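Examining the three-dimensional arrangement
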Amino acid sequence: MYIESPKESWKDYELVDSGDFEKLERFGSYYIRRPEPKALWKKSLSEEQWNKMVHTIFRAGAGFSKSGKEDSGTWDMRKKMQEQWYISYPLADKSFKLRLGLTSFKHVGVFPEQAANWEYIYKNTLELCERHKSLDLPQVKVLNLFAYTGAASLAAKSAGADVIHLDSVRQVVTWARGNMEASSLDGIRWLIEDALRFVKREVKRGNKYQAIILDPPAYGHGPDGQKWKLDESLYELLSLVSKILEPKNSFLVLNLYSNGYSALLGETVLRQAFNLDNSGDYEIQTGELCLKDRFSKALPLSIFVRLKR
């Protein structure tokens, strides 16, 4: 099992400290303090040191810890800062930009621990694109489901792929499109759609992809009110995805945030959905994505399963 965190060359992000159910992060030049339920230990820096650095603090609202409103709240501004700003992410020979903003749901538009997945997506998409070019094959097709503000889409597009970016929330798709334009990229196809319904249609159409990325939430809704519950729908979705992912020269990245989900559980459900036995020509990587603060405390945030064939 792999334990992965963002590379040190990413200068626009840092987990400064963590503990007492909070984390202090730097995004560009701004320091942000947010709740973090997994930070069970004590802070390494003092309260005075945190307050001296911080630009804004997220204050949980009355709905905090209630179903559907887990992250609702407001931002307490301590120093002057922009409500929207950009950071860059460096790939091997290029970079892309991400717009950040203070939302009422604690998020800022990027999940920095996902950087390790962006690296995997970029590297493997680039290899596929080079292979297709050398064999005069059609452009590599990448499908990004539950795609949020699009960092994974930008990684795949930067490698030269034909990318479909799908999310059920119009506002985040608009946000992702702005990130593409800020990164001087173009050509990503944007879909505001229910992921399960879209994949079912792709199976019927017989469409295939060389890479599929999935980052499903524990709970969610499609644009027409379709209910998504990870426990009930993950196996069905992966079973359908197995029919539209090319059986050779392809890869899949599955990321899961749901508490109680282990890397072993993720691997098992993937193996069952894809009907994989031990004799196949494929590689599976499993592990955890974490952030490490200045004091080497590792904050685990999600698990991943990657399939390469």
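Quick note: structure is the one above.
Residues numbered from 1 in each chain as written. Predicted model: local features only at pLDDT ≥ 70, side-chain atom pairs only at ≥ 80, totals over all residues. Heavy atoms only, no water.

Our focus in this paragraph is the overall build of the protein chain. Helix and strand counts for the protein chain stand at seven helices and 17 strands. In terms of C-alpha radius of gyration, the protein chain reaches 19 Å, essentially the compact-globule figure of 19 Å for 309 residues. Taken along the three principal axes of its C-alpha coordinates, the protein chain extends 60 × 40 × 40 Å. Residues classed as buried in the protein chain amount to 53% of the 309 residues present. Put simply, of all contacts in the protein chain between residues at least 6 apart along the chain, 62% involve residues at least 24 apart. Of the roughly 14,800 Å² that the protein chain leaves accessible, carbon and sulfur atoms contribute 49%. With 45 positive and 40 negative side-chain charges, the protein chain shows a spacing of 3 Å between the two charge centroids. (Helix = DSSP H or I, 4+ residues; strand = E, 2+ residues; numbered from the N terminus. Rg over C-alpha atoms; globule rule 2.2 N^0.38 Å. Buried < 20%, exposed > 50% of the residue type's maximum accessible area, 1.4 Å probe, protein only. Contact = heavy atoms within 4.5 Å. Areas by Shrake-Rupley, 256 points an atom, 1.4 Å probe, with all protein chains shown as cover. Lys, Arg positive; Asp, Glu negative; His and termini not counted. Charge placed at Lys NZ, Arg CZ, Asp CG, Glu CD.)

By definition, the strands of a sheet pair up through backbone hydrogen bonds, in either a parallel or an antiparallel sense. Strand order across the open sheet formed by five strands is β2-β3-β4-β5-β6, with mixed pairing between neighbours. Strand pairing shows two members of the sheet lacking a second neighbour, β2 (13–19) and β6 (73–77), which therefore form its edges. Taken over all neighbouring pairs, the strand axes of this sheet differ in orientation by 20 degrees on average, direction set aside. Here six bridges tie β2 to strand β3 (residues 22–27), and the two strands are oriented antiparallel to one another. Note that in β3 the partner of Gly19 across the bridge is Glu22. (Pairing = 2+ DSSP bridges. Axes fitted to C-alpha atoms, helices over the stretch in contact; angles between N-to-C directions.)

Time to look at the nonpolar core. Core analysis: the biggest nonpolar cluster contains 49 residues, and Phe27, Trp85, Phe96, Leu98, Trp118, Ile121 and Val142 have the highest contact counts within it. Per-element accounting of this core gives the leading share, seven residues, to helix α2 (residues 115–134). When neighbours within four sequence positions are excluded, Leu98 is seen to be in contact with Trp85, Tyr86, Ile87, Val110, Trp118, Ala151, Leu154 and Asn179. If you look at the next biggest cluster of nonpolar residues, it comprises 36 residues, including Ala195, Tyr209, Leu256 and Leu276. (Core = buried A, V, L, I, M, F, W, Y, C linked by side-chain atoms within 4.5 Å.)

Attention shifts here to the packing of helix α6 (residues 230–244) against helix α7 (residues 263–274). Put simply, α6 and α7 touch, their axes get as near as 8 Å, and they point 50 degrees apart. Here α6 is positioned oblique relative to α7, judged by the angle of their axes. Where α6 crosses over α7, the handedness of that crossing is right-handed. Residues Leu234, Tyr235, Leu238, Ser239, Val241 and Ser242 of α6 pack against Val269, Leu270, Gln272, Ala273 and Phe274 of α7. (Parallel < 35°, antiparallel > 145°, perpendicular 65-115°, else oblique. Left-handed = near helix turned anticlockwise from the far one by under 90°.)

Attention now moves to the side chain of Lys43. Locating Lys43 in the fold gives a position in the loop between β4 (30–35) and α1 (47–53). Among the polar contacts listed, one links the side chain of Lys43 to the side chain of Glu47, at a separation of 3.1 Å. Excluding residues within four positions of it along the chain, Lys43 makes contact with Asp17, Ser18, Gly19, Asp20, Glu22, Arg33 and Trp50. (Polar contact = N/O pair within 3.5 Å; in protein donor to acceptor, adjacent residues only side chain to side chain.)

Along helix α3 (residues 151–158), eight of the eight residues are buried, which leaves the element largely enclosed by surrounding structure. Buried within α3 we find Ala151, Ala152, Ser153, Leu154, Ala155, Ala156, Lys157 and Ser158. Elements that come into contact with the buried residues of α3 comprise β8 (95–101), α2, β9 (141–145), β10 (162–167), α4 (170–182) and β12 (211–214). Downstream of α3 by one or two residues, Gly160 has phi in the positive range, about 105 degrees.

Next up on the list: the packing of aromatic side chains. Scanning the model with the defined rule gives 13 aromatic pairs in all. Note on Trp10 and Trp118: the rings are 5.8 Å apart at their centroids and 65 degrees apart in plane angle, and the pair reads as edge-to-face. Of the two residues, Trp10 sits in the loop between β1 (2–4) and β2 while Trp118 sits in helix α2, which places them 108 residues apart along the sequence. Judged by its relative accessible area of 3%, Trp10 falls in the buried class. Between Tyr89 and Trp118, the ring centres sit 5.0 Å apart and the planes meet at 85 degrees, which makes this aromatic pair edge-to-face. Residue Tyr89 is located in strand β7 (residues 84–90), and its partner Trp118 is located in helix α2; the two are separated by 29 residues in the primary sequence. Pair check on accessibility: Tyr89 and Trp118 agree, each one buried. Among the aromatic side chains, those forming a connected cluster through ring pairs are Trp10, Tyr13, Phe27, Tyr89, Phe96 and Trp118. Over the ring of Trp175 we find Arg99, and its NZ or CZ is 4.3 Å from the ring centre. The ring of Phe304 carries Arg306 above its face, with NZ or CZ at 3.9 Å from the centroid. (Phe/Tyr/Trp six-rings, centres within 6.5 Å; stacked < 30°, edge-to-face > 60°. Lys NZ or Arg CZ within 6 Å of the ring centre and 35° of its normal.)

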